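If you want the building blocks of each chain, they are given just below.
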Amino acid sequence: MSTRIHVEPFLDDDSETFSYVIHRTDEKAAAVIDPVLDFDYKSGRTKTNGAQRMVDYIKQNDLSVEWILETHAHADHLSAAPFIQQNVGGKIGIGEHIKQVQTIFKEIFNLEKEFLPNGTQFDHLFADGEQFQVGSMQLRVMHTPGHTPADLAYIVDEQMAFVGDTLFMPDVGTARCDFPGGSATTLYRSIKKLLALPETTDIYICHDYPPAGRGHEYRTTVADQRKHSKHVHDGVIEAEFVKMREERDATLEMPRLILPSIQVNIRAGKMPPADDNGKVYLKLPIDQL
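What counts, and where the lines are drawn
Residues numbered from 1 in each chain as written. Predicted model: local features only at pLDDT ≥ 70, side-chain atom pairs only at ≥ 80, totals over all residues. Heavy atoms only, no water. Axes fitted to C-alpha atoms, helices over the stretch in contact; angles between N-to-C directions. Helix = DSSP H or I, 4+ residues; strand = E, 2+ residues; numbered from the N terminus. Parallel < 35°, antiparallel > 145°, perpendicular 65-115°, else oblique. Left-handed = near helix turned anticlockwise from the far one by under 90°. Contact = heavy atoms within 4.5 Å. Nonpolar A, V, L, I, M, F, W, Y, C, P; charged D, E, K, R; others polar. Buried < 20%, exposed > 50% of the residue type's maximum accessible area, 1.4 Å probe, protein only. Pairing = 2+ DSSP bridges.

Draft legend 1. Quick look at the packing of helix α4 (residues 184-194) against helix α6 (residues 238-249). Closest axis-to-axis distance for the α4/α6 pair is 9 Å, and the angle between their directions is 125°. The angle between α4 and α6 places the two elements in the oblique class. Here the hand of the crossing between α4 and α6 comes out right-handed. Contacts from A184, T185, L187, Y188, R189 and I191 of α4 reach α6 at E238, F241, V242, R245 and E246. Of the residues contributing to the contact of α4 with α6, the split by class is 6 nonpolar, 1 polar and 4 charged.

So, in structure tokens, the structure goes:
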């Protein structure tokens, strides 16, 4: 890892999600990646405890947040991007293919006609290959669909990649592909693009589901993945991966928070408009997923 780039991880224990603040050690410009809003499904209550830890870190280090970056519309936690933005600023960005995800889930949830699946809920939609800066850090966007149509990886200074849910730690494997718009074939090809990066590239994952005997980890490398990934190590061909992934996905339950998460996250983390009584409600579609 570059000695000049600091990566501060934040683990949300409930969803086993890693969020990040990244910045150069000699600069104040920073980016936040995949922030989490605490949500209690049983009561429908939100809290900002985890996101507040990120805000506290940012303020304690006198950082200036330029971007709040989402790797995709997460299905296992609600985004805290609006809370981060309200407290420390920054533009909220996601991949341009979020429009496809919005179209799919607008129909599933029968969202209000005012909700337009055009991505305007976000401050910026990134195109594949787009480059931008955070201070003097150079970021490059890599479109990595398969888990969802809109997944991105953010490549920082060509030394590290924040890959969202596309890859997990080598002993855990890869993301599921059975959500609407997902594809195991597409995921395999996206992973091969990631693993074509230099072997020394650090890979920062969004989730870790550690097997018994180890704690949570968040960083691996291209070399580690190519040698040791239980799903996509060197030598695993596409047909083999697709068969494994589709058979495995057929045994998995839907994520506990997929229904509340998706209808919030396609709105850039904002809640749906309040009903005529001033209260906000989330929908529960029956027999849709």
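Draft legend 2. Quick look at the pairing of strand β10 (residues 131-134). Side chains F132 and V134 of β10 all project onto a buried face; the interleaved residues Q131 and Q133 project onto a face where none is buried. Relative to strand β11 (residues 137-143), β10 is paired through 4 bridges, and the arrangement is antiparallel. Residue pairing for β11: F132 is matched across the bridge by L139.

Draft legend 3. Structural view of the packing of helix α1 (residues 49-60) against helix α2 (residues 81-88). One way to put it is that α1 packs onto α2 with a least axis distance of 10 Å and a crossing angle of 30°. As the angle between them shows, α1 and α2 are arranged roughly parallel. Once α1 is placed against α2, the crossing between them reads as right-handed. Contact with α1, carried on its side by A51, Q52, M54, V55, I58 and K59, involves F83, I84, N87 and V88 of α2 and no other residues of that element. Residue composition of the contact of α1 with α2, by class: 7 nonpolar, 2 polar and 1 charged.

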